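Now for the letters of each chain:
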Amino acid sequence: RPFSPKSNSKNRLPYPPSPKLRLPFVGHLHLLKLPLHHSLIRLSKQYGPLYSLYFGSMPTIVASTPELFKLFLQTHEASSFNTRFQTSAIKRLTYDNSVAMVPFAPYWKFIRKLIMNDLLNATTVNKLRPLRSREIRKVLKVLANNSESNKVVNVTEELLKWTNSTISMMMLGEAELVKDIVREVLKILGEYSLSDFIWPLKKLKVGEYEKRIEDIFNKFDPVIEKVINKRQEIRQRRKNGEVIEGESVVFLDTLLEFSEDPTMEIKISRDQIKGLVVDFFSAGTDSTAVATEWALAELINNPHVLKKAQEELNEVVGKDRLADELDVANLPYIRAIVKETFRLHPPLPVVKRKCVQECVVDNYTIPEGALILFNVWAVGRDPKYWDNPSEFRPERFLENVEGEQGIDVKGQHFQLLPFGSGRRMCPGVSLATSGISTLLATLIQCFELNPVGQQGNVLKGDDAKVSMEERPGLSVPRAHNLMCVPVARAGSPVNLLSL
Ligand code: HEM
């Protein structure tokens, strides 16, 4: 059934308002620029908080208020909005088995349960804490070495290495073999493919894009095969009673065990395991690194916030040891900094779902097959929901201000949805928030970061500010790499890093 505001039948409520000029093939894409959330805000000023567009041939609905988020993601989620739209890159590179993308069907339910109960549950994640702690120390050591030699560090790069290595170690028990190819996979997943939205191109499968996807897939597959085979050998040695020094039980071990277990309700296949590996890399690495970098940029630009964080760390952790994940529960100001970062800089500014069954929302018809965009970024900065929204003020999450205090990122407070909400909400929320908080806490304990300008000069005093410009990607990062000279703080636990 064609979707067009003009073709509404008499008994159907209208579709949400839409810009008039719709061009052949591109639909309304000519009205949009990347990063998408800014164009969507501009259009919502004209067409209201709920409007419709065509992304090429794809009907698209844009929602930009917490009230609407709640209607879509709570009231009508189960019947209509429990699935996502997948691009051809995601489909191929996740072996057509992405948990983030597969329909709301038995396989998704099975794998989601497995993720929640056996991979990202508190006990398993806790067992891998020493491994995460090692990865944080690696980042701090790079900063410590550069601080000794007064050298510039590309913080953006170090944070990406940190999240890639952490997810890789937790998932596969190794990080070296996969690190380069994973970066290539993430790069293409983050690219915007017009061919996914313009049906004639999609049908003809023309263009460089498909070929590049295929090339990357053909490079990735043998590497991940090698990693799985290596892991199978380790499991076999363990089964034979060997104690392998320094080897933890990682997610891949659990997945391989399930794949061999005849009593499982669904037998997980090798392709499904590989798909999940790509899923965790694509969902968990860029997003976490990008959020951490935004937090650091805000701390550089708001020295009074940094000072309060340093004071909290002095008081709660002291100077004789490094903060640890377990300290985060006692560091409310650090946690507030993380929430405030997510409010202003949600790494995925536009959360996407797909309508699987026609539905009425707010007196408008939402057609089956439509792509739904939730402009989380816009709501995080809307003065209707936040006092002085452009100010970076973590205190808002601590003070007893009506409406703001007590708000968290767990999908229940619709004005703050960096991890989405409902059945398909991010299962990595705790892992990501505690990782970011721990990295920030230790870094704040040990170093001051002096930002470096475009000419390579260290910025001082009032000039020590970094740009908050954005650029499009798999998640939305800062436009410019964060380049800093780290300075070890006097009396800080930085000396413990060499131990
Ligand atoms: C700062 C870091 C992160 C952010 C901002 C983030 C954000 C999100 C968002 C917005 C969604 C879609 C939610 C929805 O549709 O309601 C999502 C889904 C998902 N995330 Fe995350 N995420 C992060 C880290 C992680 C990590 C560390 C992992 C795993 C290790 C992860 C795994 C996933 C998966 C598997 C899904 C798909 C869930 C499903 O469809 O059932 N994410 N994430």
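Residues numbered from 1 in each chain as written. Predicted model: local features only at pLDDT ≥ 70, side-chain atom pairs only at ≥ 80, totals over all residues. Heavy atoms only, no water.

An unreviewed UniProt entry annotates the protein as Isoflavone synthase 2 of Lupinus albus. Recorded in UniProt under Cofactor (unreviewed entry), the annotation for the protein is "heme". (UniProt positions renumbered as here; feature names shortened; annotations may be inferred.)

(A) Structural detail: unusual backbone geometry. Of the consecutive residues L34 and P35, the connecting peptide bond is found in the cis state with omega at -10 degrees. One can find P35 in the segment before α1 (36-47). The phi dihedral of Y95 is positive, around 55 degrees, even though this residue is not glycine. For Y95, the location among the structural elements is in the loop between α4 (88-93) and α5 (106-119). (Helix = DSSP H or I, 4+ residues; strand = E, 2+ residues; numbered from the N terminus.)

(B) Summary view of the coordination of the iron atom of the ligand. Looking at the protein side alone, the iron atom of the ligand has one donor only, C426 (SG), at 2.3 Å. Following the sequence through the fold, C426 ends up in the loop between α17 (376-380) and α18 (429-446). (Donors = N, O, S within 2.8 Å, 3.2 Å for Na, K, Ca; no water.)

(C) Here's a closer look at the nonpolar core. Formed by 77 residues in total, the largest nonpolar core has its most connected members in F72, I372, F374 and L440. Broken down by element, this core gets its largest block of residues, nine residues, from α18. Ranked by size, the runner-up nonpolar core spans 53 residues in total, among them V102, V125, V227 and I268. (Core = buried A, V, L, I, M, F, W, Y, C linked by side-chain atoms within 4.5 Å. Buried < 20%, exposed > 50% of the residue type's maximum accessible area, 1.4 Å probe, protein only.)

(D) Here's a closer look at the site of the ligand. Taken together, 27 residues are adjacent to the ligand, and R84, W108, R112, R353 and C426 come closest. R353 places a polar side-chain atom, nitrogen or oxygen, 2.7 Å from an oxygen atom of the ligand. When residues of the shell around the ligand are traced back to their parent elements, those giving at least two are α5, α13 (270-284), α14 (286-301), β4 (350-354) and α18. Looking at the shell around the ligand, the element that brings in the most residues is α13, giving three residues. (Near = heavy atom within 4 Å. Polar contact = N/O pair within 3.5 Å; in protein donor to acceptor, adjacent residues only side chain to side chain.)

(E) Just helix α9 (residues 179-190), in detail. Relative to the 16 Å expected for twelve residues at 1.5 Å per residue, α9 spans 17 Å between its end C-alpha atoms, a close match to the ideal helical length. By the burial criterion, the buried members of α9 are I181, V182, V185, L186, I188 and L189. One side of α9 holds all its buried residues, which, seen down the axis, span an arc of 165 degrees. The exposed residues of α9 that point more than 90 degrees off its buried face are D180 and K187. Those residues of α9 hidden inside the fold are in contact with α4, α8 (155-172), α11 (208-239), α13 and α14. (Expected span 1.5 Å × (residues − 1). Arc of directions from axis to C-beta. Contact = heavy atoms within 4.5 Å.)

(F) Examining the sheet that holds strand β1 (residues 50-55) more closely. Spatially, four strands are ordered β1-β2-β7-β4 in an open sheet, and the strand pairing comes out mixed. Looking at strand neighbours, the two that pair on one side only are β1 and β4, the edges of this open sheet. Across the sheet, the mean angle from the axis of one strand to that of its neighbour is 25 degrees, orientation sign disregarded. Sheet topology note: the strand β2 (residues 58-63)/strand β7 (residues 371-375) ladder contains four bridges and is parallel. Bridging from a neighbouring strand, I61 pairs with I372 of β7. Across the sheet, α1 lies against β1, β2, β4 and β7, angled at about 125 degrees from β1, the strand it touches most. Contacts from helix α2 (residues 66-75) reach β1, β2, β4 and β7, with the element oriented near 140 degrees to β7. (Pairing = 2+ DSSP bridges. Axes fitted to C-alpha atoms, helices over the stretch in contact; angles between N-to-C directions.)

(G) Inspection of the pattern of salt bridges at higher detail. In the structure shown here, the tally under the stated rule is 32 salt bridges. A salt bridge links K113 to E265, with the shortest nitrogen-to-oxygen separation between them at 3.3 Å. Of this pair, K113 sits in helix α5 while E265 sits in the loop between α12 (251-260) and α13, and the two are 152 residues apart along the sequence. What emerges from the salt-bridge pattern is a single network uniting D221, E225, R270, D271 and K274. (Salt bridge = Lys/Arg side-chain N within 4 Å of Asp/Glu carboxyl O.)

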